[in-house]
Structures are given as structure tokens and as C-alpha cells.
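# Coordinate analysis (summary)
Residues per chain, in single letters:
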Amino acid sequence: MEKPLALYIHWPFCKAKCPYCDFNSHVRERVDEAAWQQALLAELAYMAEFARGRELGSIFFGGGTPSLMPPETAAALIDAAAQHFAVARDMEITLEANPTSVEAARFDGFREAGVNRVSLGVQALDQESLTFLGRKHNAAEALDAVELAARIFPRYSFDLIYARPGQSTEAWSKELQSALTYADGHLSLYQLTIEENTAFHTAYGRGDFALPDEQKSAELYIVTQELMEAAGLPAYEVSNHARPGQESRHNIAYWRGHDYIGIGPGAHGRLSAERQRVATQTLKSPERWLSSVQEKGHGIEVWQKLTPEESREEKLMMRLRLTDSVPRRELPWASDAALTRLQGEGALRYDAETIRLTLQGRLVLNYVTARLLEG
Ligand SMILES: C[S@@+](CC[C@H](N)C(=O)[O-])C[C@H]1O[C@@H](n2cnc3c(N)ncnc32)[C@H](O)[C@@H]1O
Ligand code: SF4
């Protein structure tokens, strides 16, 4: 049976640009909210034509900071999605939110709009780290926002960034344990990465700060897995942890290689038709995207048919991020020789039916993926 479709909606604006962030996020003094609502609705209608009659399983408002979007815009988009698609009864509707009091004040509006899951960017629980990460909130404010989210939304999650400069295993364990007292069913735990074209890239290049070395990062990763498993929220993906059943269905759709539509500036999409997969991407610049939608009804910049090899490579890379075992029929080209070698290296275990990456294998995911693609 065809898997339900996922819908990603990108809101590209933020109050300030965080020094580590390379997401398509922009600071603007004024946003014409009515024009943005109209444009997002128009692009949704345009894209929906390519997935007519499909069931929609999830919506994800990402960013940028979609909690800065007027709740009425979220409501209008959710209502429109229900017009364009057959909607799954238990559709998951997630909103990414920054945990400031300004945004928390709008949570009721988002709940009324139909949002049933929020993901809050808490990032750290100590003030020094929050300042280093350039965040606008303090820890108390963030935890208040988490508690409020817990009261208003049926499901919530929050993000933390670890492997920060000078962070010891003991300090991180304590911070994570304290975070766990606020967690419910889901936590996203990312190791700090230095992305190109960010303020951190320049500062790190200048030697302003150092990051944990490979061995220290691996140690931090392993302790994270142990603590999360002990707390009943094991990793289901490299950086995502959940109580069984509380996984993000929307993100799982990406990792399982299902189809999704992406609207708003810089959004990606994947659509399958007649045994071929099409990759879409919209214009990244908010202004160019908006004028394009106003002119032609969409901001699509890339509409690329993937070759079977490209599609296979992409699906494998995404699939191996998930921690559950992979049926061997999903990787028919993976040779016994490659599997035996990787098993010998401690990166995976396999039998006649399934392949499963070990914790060691997850630490070198790119290496394992490359070896499996070689066949
Ligand atoms: C689009 S952002 C979240 C949305 C929201 N604007 C916020 O900041 O709370 C998604 C998440 O990716 C993580 N992230 C972004 N850049 C990162 C980096 N360079 N290293 C580690 N994690 C990063 C952060 O935890 C962030 O919350
Ligand atoms: S981390 Fe979030 S708030 Fe900060 S710039 Fe990126 S998207 Fe915006």
C-alpha cells in the first residue's frame, strides 16, 4: 500500500541568527504576514496537484522560527491541506518553536490551529552555554516554555546541542539527566557541528574556541546512548530518542524514503511517479521565493528526476540513520563480502534476513554507507 505523504512547510524568519546555524533562516525587520500566508497557500495548492488523491500523514512547520508565524497562518495552511488531501485520522502536526516567553504566549493559538506536537529549541541548560550559542532565552525561560508546552500540546520534544567547547562527560551527563526530568516521550540531541558560512565557522577557524576531539565526541555520544536507554527513550535515529511509539512520524517518513512535499523558501521535496523519484527544491531567498510565487504560483527552482542509482544512494543514506534493523531485501546489492568485512570491523551484525548497525557502526555512519554502496 502507498505510504502516507508528509508535508513540510518552511518559515524562514528568526529574531536573530544563531552563530552555529546554517538553516535557511533570515532576520527581517518587517514581514508582510498577509502576503506570506497567501503565497504559502498558493504554493501548497500548486504542489498538491502532483500528489492528488494521496493520504497525508503528517505536517511539519520548520524553520527558521515558525513559532513567529501568526497562528492564523498555521490554521489556514492546515485547513487547506485537509482540502487538498485525504487526511489521516491521527495526523501528526508539529511546530518548531523557540522557547521564549513571547512565543510561549502564542501556544494556545497554535493548538487551536490544530498543531498537536511541538519541538522546542532549548539547546542547553546553563547560561554560559546559552550565551555562547547566541540564544535569546535563559534556561528558566526555556524550561517554563517546556512546561507550558506539556500542558497545551498532546506531544512535545526539545532539542539540546552537546559536545560543546570544554564540555566534560560528567557535566553533560548531569545536564542530560536534569533535562530528562522535563522530557516526556521525545528528545533530539545533536553534537555541535561547525557549518560553513556561519559565524562559528569564522570564529573556530580563527582559533577562538576548540571542540572535543574525535575520541571525546565518541565518549559523549556513547554516554548519551546509555543514559537515554536507561531512561526508556532509546535512540531511534542518530540524534533522536523516543519512548517506543513517540517517534516523530514526519521525520521517520524522510528516513524511510517516503514521499514528501516541501513548501516555503528552500524547502526540499521528494515525489515518486511512474517508478521515478523527483527531487524538488524551492528558491532559498525569501524575497525571490515570494515574488516567484506571486508571479507563477510556485517558487520551485529545482525539479530533478533522480536516476535509480541516485535514488538508491539517497534512500540508503537516510535508512541507515534509523537504528532498527534493515531487511536485506531493501539492500539487495549489498554483497556478502562487504557485510562480512563490516561485521568483522564491529560496524554491523547481519544474518540471512536482516542487517543492523552497531553503536560503533553508527559512529562511522558515512563510512558504512560508502562500503555498502560499493556492493
Ligand atoms: C531549525 S533549528 C530549530 C528551530 C528553532 N528556530 C530553534 O532554534 O529553536 C533545528 C535544530 O537543529 C539543531 N542545530 C542547528 N544547527 C546546528 C549545529 N550547527 N550543530 C548542532 N545542532 C544544530 C538545533 O538543536 C536546532 O534546534
Ligand atoms: S537555530 Fe533556530 S533561531 Fe537560531 S538561526 Fe537557526 S533557525 Fe533561527
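For every chain, the first residue of the written sequence is number 1, and numbering continues from 1 along that sequence. As a convention, the first chain written is A and the first ligand written is 1, with the rest following in written order. pLDDT decides what is reported in this predicted model: residues at 70 or higher carry local features, side-chain atom pairs at 80 or more are listed and counted, and totals for whole chains, interfaces and linings draw on all residues regardless. The basis for every side-chain value is the complete set of non-hydrogen atoms in the structure, without hydrogens or water.

### Side note on helix α7 (residues 169-180)
Residues that lie three or four places apart on an α-helix share one face, since the helix turns once every 3.6 residues. Across its twelve residues, α7 extends 16 Å between first and last C-alpha, which sits within 8% of the 16 Å expected from 1.5 Å per residue. Buried residues are those whose accessible area, probed at 1.4 Å on protein chains only, stays under 20% of the maximum for their type, while exposed residues exceed 50% and partly exposed ones sit between those limits. Under the scheme used here, helices are H or I runs from DSSP no shorter than 4 residues and strands are E runs no shorter than 2 residues, and both carry numbers assigned from the N terminus. Those residues of α7 not exposed but buried are T169, W172, S173, E175, L176, A179 and L180. Projected onto a plane normal to the axis of α7, the buried residues spread over an arc of 165° and lie on a single side. Away from the buried face of α7 by more than 90 degrees, exposed residues E170 and K174 are located. The criterion used for residue contact is that any of the two residues' heavy atoms lie within 4.5 Å. Tucked into the core, α7 has its buried residues touching β5 (155-162), β6 (186-191) and α9 (214-230). Every helix has an expected span of 1.5 Å times one less than the residues it contains. The directions considered for the arc are those from the helix axis to the C-beta atoms.

### Comments concerning empty space enclosed by the protein
Method remark: on a 1 Å grid restricted to protein atoms, a set of points is classed as a cavity if a 1.4 Å probe fits but cannot get out and as a pocket if it is open with protein on both sides within 12 Å along at least five of seven lines; lining residues have an atom within 4 Å of a point. Grid points are joined across faces, edges and corners, and a volume is the space filled by probe spheres set on the points. If you walk through the whole model with that rule in mind, you get one cavity of 30 Å³ or more. Looking at the largest cavity, its volume works out to about 40 Å³. What lines the largest cavity is R117, R155, Y156, D184, G185, H186 and Q246. Its residues assigned to classes, the lining of the largest cavity shows one nonpolar, three polar and three charged. Classification convention: Asp, Glu, Lys, Arg as charged; Ala, Val, Leu, Ile, Met, Phe, Trp, Tyr, Cys, Pro as nonpolar; all other residues, Gly among them, as polar.

### Focus: the site of ligand 1
Proximity is defined per residue: if any heavy atom of the residue lies within 4 Å of a molecule or strand, that residue is considered near it. In the vicinity of ligand 1 lie 18 residues, with G64, N98, Q123, D159 and T193 positioned nearest. Polar contacts, as used here, are pairs of N or O atoms within 3.5 Å; protein pairs need one atom able to donate a hydrogen and one able to accept it. Residues neighboring in sequence count only if both atoms are side-chain atoms. G64 is positioned with one of its backbone polar atoms (N or O) 2.9 Å from a nitrogen atom of ligand 1. With respect to ligand 1, the backbone of G121 contributes an N or O atom lying 3.4 Å from an oxygen atom. Note on areas: Shrake-Rupley, 1.4 Å probe, and residue coverage restricted to the protein chains presented here. When ligand 1 is considered free in solution it has 560 Å² of accessible area, and contact with the protein chains removes 93% of it. Broken down by secondary-structure element, the contributors of at least two residues to the shell around ligand 1 are β3 (86-97), β4 (117-123), β5 and β6. Partitioning the shell around ligand 1 into residue classes produces six nonpolar, eight polar and four charged.

### Details of the environment of E310
For E310, the location among the structural elements is in helix α12 (residues 308-319). Separated by 33 residues in the primary sequence, E310 and R277 have C-alpha atoms spaced 9.5 Å apart.

### What about the site of ligand 2?
Taken together, C14, A16, K17, C18, Y20, C21, S25, G64, T65, N98 and R135 make up the full set of residues near ligand 2. Of the residues belonging to the shell around ligand 2, the class tally is five nonpolar, four polar and two charged.

### Examining the pattern of salt bridges
Between Lys or Arg on one side and Asp or Glu on the other, a salt bridge is scored when a side-chain nitrogen of the former is within 4 Å of a carboxyl oxygen of the latter. The tally for this structure, following the rule as stated, stands at 21 salt bridges. For R54, the salt bridge is made with E2, and the minimal N-O distance between the two is 3.5 Å. In this pair, R54 is assigned in the loop between α1 (33-48) and β2 (55-63) and E2 in the segment before β1 (5-11), connecting sequence segments 52 residues apart. Its relative accessible area of 10% is what places R54 among the buried residues.

### Brief notes about the pairing of β3
Sheet analysis places β2 next to β3, joined by six bridges and oriented parallel. Bridge pairing in β3 links F61 to L95. With helix α2 (residues 71-84) bridging β2 and its parallel neighbour β3, the resulting β-α-β unit is right-handed. Sheet analysis places β3 next to β4, joined by four bridges and oriented parallel. The residue of β4 that forms the bridge with T94 is R117. Pairing between two strands requires that DSSP report at least two bridges joining them. When the strands point away from the viewer, a crossover counts as right-handed if the path from the first strand over the helix to the second runs clockwise.

### A closer look at helix α6 (residues 139-152)
Here α6 contains 14 residues, and its C-alpha end-to-end distance of 20 Å stays within 8% of the 20 Å for a straight helix at 1.5 Å per residue. Those residues of α6 that fall on the buried side of the exposure criterion are A139, A142, L143, A145, V146, A149 and I152. Of the surrounding elements, those touching the buried residues of α6 are α3 (101-104), α4 (107-113), β4, α5 (127-132) and β5. One side-chain oxygen of the residue at the start of α6 lies 3.2 Å from the amide nitrogen of A140, identifying that residue as N138.

### Points about the side chain of N116
The residue N116 is located in the loop between α4 and β4 in this model. Look at N116 and you get buried, because its relative accessible area is 18%. Discounting chain neighbours no more than four positions away, the residues touching N116 are M91, E92, I93, R111, F153, P154 and R155.

### A look at the packing of α12 against helix α15 (residues 365-374)
Helices that pack against each other are described as a pair by the angle of their axes relative to one another and the distance between those axes. To define axes, lines are fitted to C-alpha atoms, for helices over the stretch in contact only, and angles between the resulting N-to-C directions are given on a 0 to 180 degree scale. Contact geometry for α12 and α15: axes closest at 10 Å, N-to-C directions at 145°. The handedness of the crossing between α12 and α15 is right-handed. On α15, the residues that touch R312, E313, L316 and M317 of α12 are T369, L372 and L373. Counted by class, the contact of α12 with α15 contains four nonpolar, one polar and two charged residues. Handedness of a crossing follows from how the near helix is turned relative to the far one, being left-handed for an anticlockwise turn of less than a right angle and right-handed for a clockwise one.

### Considering the side chain of T358
Locating T358 in the fold gives a position in the loop between β15 (354-357) and α14 (359-363). A relative accessible area of 15% places T358 in the buried class. Among the polar contacts listed, one links the side chain of T358 to the backbone oxygen of G346, at a separation of 2.6 Å.

### Brief notes about the domain arrangement of the protein
Residue ranges for the domains trace back to a domain assignment, done automatically or taken from a database. What the domain assignment reports for the protein is domain 1 (5-254) and domain 2 (308-375). Computed from C-alpha coordinates alone, the two centres of domain 1 and domain 2 are separated by 28 Å. Residue-level contacts link ten residues of domain 1 with nine residues of domain 2. Using a 1.4 Å probe, buried area is obtained as the accessible area two parts lose upon being combined, added over both of them. Both faces considered, domain 1 and domain 2 share a buried interface measuring about 880 Å² in area, 66% of it formed by carbon and sulfur atoms. Taken as a group, Y221, E237 and V238 account for 44% of the area that domain 1 buries against domain 2, more than any other trio of residues on that side. Linking domain 1 with domain 2 are one salt bridge, by the criterion used here. Here E237 makes a salt bridge to R321, at a shortest N to O gap of 2.6 Å. On inspection of domain 1 and its partner domain 2, the count reaches five residue pairs in polar contact (both at pLDDT 80 or more). Among the elements of the structure, α9, β7 (235-237) and α10 (249-255) are those that each provide at least two residues to the side of domain 1 that touches domain 2.

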